[in-house]
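Spelled out from the first residue to the last, the chains are:
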Amino acid sequence: MTINNDTDRLAALIAAKRQVLEILARLSRRQLAIVAAGEMTALVKLLSSKQTVMAQLQTLEQQLQPFRDDDPDARLWQTAADRAACQAQADQCNALLAESLTLEKQAEEAMVHRRDAAAVSLTAAQTATDARSAYATLPRSSPAALQVEG
């Protein structure tokens, strides 16, 4: 049997997608750790890197688009093992994408929690500042006025 260029291309695209998704999952794990540590500068740098990976993933998805309408059973593979290997990589892609989405959701929830905690802290600080300002505007009385005569 001759090598089918379409299935070779499909297999290569699936392998590339798996590699990109492995990087994305690794970045997502790191993102969660950075959010937990509150390292906002590192988070911005990581999100920039993640954006590049997402652009690569989007390009691969566009290249895979023509294969989505094909009947998988009609594809000509050099061997059944090649088809099984491609399917295994596609399954890994799905698992890596699911992991990345879960980690993204956890990171988002952690950021919301940190934001809410910061808002509570800022409110408490503002309340303390307002109280100090209010006391500072009260008329000062002399120490003698505070003594009780007896």
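Residue numbering note: each chain is counted from 1, following its sequence as written. With the structure being a predicted model, the display of local features is reserved for residues of pLDDT at least 70 and the display and counting of side-chain atom pairs for 80 or more, all residues being used for whole-chain, interface and lining totals. Water and hydrogen atoms play no part in the side-chain values, which are based on all heavy atoms of the structure.

### Overview of the nonpolar core
Move 1: As used here, the term nonpolar core means buried Ala, Val, Leu, Ile, Met, Phe, Trp, Tyr and Cys residues forming a set that is joined through side-chain atoms within 4.5 Å. Note on classification: 1.4 Å probe, protein chains only; a residue is buried when its accessible area is under 20% of the maximum for its type, exposed when over 50%, partly exposed between these limits. Ranked by internal contacts, the top residues of the largest apolar core, which has 23 residues, are Leu10, Ile14, Leu21 and Leu64.
Move 2: Numbering goes from the N terminus for both helices and strands, where a helix is a DSSP run of H or I of at least four residues and a strand is a run of E of at least two. Of all elements in the fold, only α1 (5-37), α2 (40-68) and α3 (80-136) reach the threshold of two or more residues within this core.
Move 3: By the convention used here, residues are in contact when the closest approach between their heavy atoms is within 4.5 Å. Excluding residues within four positions of it along the chain, Leu64 makes contact with Leu10, Leu13, Ile14 and Lys17.

### What about the pattern of salt bridges?
Move 1: The term salt bridge refers to a pairing of a side-chain nitrogen on Lys or Arg with a carboxyl oxygen on Asp or Glu at a separation within 4 Å. Using the criterion set out here, one finds seven salt bridges in the structure.
Move 2: The partner of Lys17 in a salt bridge is Glu61, with the nearest N and O atoms 2.6 Å apart. One end of the pair, Lys17, is in helix α1; the other, Glu61, is in helix α2, with 44 residues separating them in the sequence.
Move 3: Judged by relative accessible area, which is 11%, Lys17 ranks as buried.
Move 4: Two residues, Glu61 and Arg68, come together in a salt bridge whose shortest N-O distance is 2.2 Å.
Move 5: On the basis of relative accessible area, Arg68 is assigned to the partly exposed category, the value being 41%.
Move 6: Through salt bridges that share partners, Lys17, Glu61 and Arg68 make up one connected network.

### A word on the side chain of Gln31
Move 1: Here Gln31 is to be found in helix α1.
Move 2: Here Gln31 is in contact with Leu43, Leu46, Leu47, Lys50, Glu104 and Ala107, once residues within four sequence places are set aside.

### Thoughts on the confidence of the model for the protein
Move 1: Of all residues in the protein, 79% have pLDDT values of 70 or greater, and the mean over the chain is 86.
Move 2: At the low end of the mean pLDDT range in the protein sits α3, at 84; at the high end sits α2, at 96. Think of pLDDT as the predictor's per-residue confidence, scored from 0 to 100.

### A short note on α1
Helical periodicity: at 3.6 residues per turn, an α-helix aligns residues three or four positions apart in one direction.
Move 1: Here the expected length of a helix is defined as 1.5 Å per residue gap, with one fewer gap than residues. Over its 33 residues, α1 extends 48 Å from the first C-alpha to the last, a length consistent with the 48 Å expected when each residue adds 1.5 Å.
Move 2: Taken from the residues just after α1, Gly38 is the one with a positive phi, measuring 75 degrees.

### Notes on the packing of α1 against α2
Move 1: For the pair α1 and α2, interaxial distance at closest approach is 9 Å and the crossing angle is 160 degrees. Overall, the two elements α1 and α2 adopt an arrangement that is roughly antiparallel. In this structure, α1 crosses over α2, and the sense of that crossing is left-handed. Note on geometry: axes are lines fitted to C-alpha atoms, helical ones only across the stretch in contact, with angles between N-to-C directions running from 0 to 180 degrees. Oblique is the label for every angle not falling under 35 degrees (roughly parallel), over 145 degrees (roughly antiparallel), or within 65 to 115 degrees (roughly perpendicular). Crossing handedness: left-handed means the near helix sits turned counterclockwise from the far one by under a right angle, and right-handed means the same turn made clockwise.

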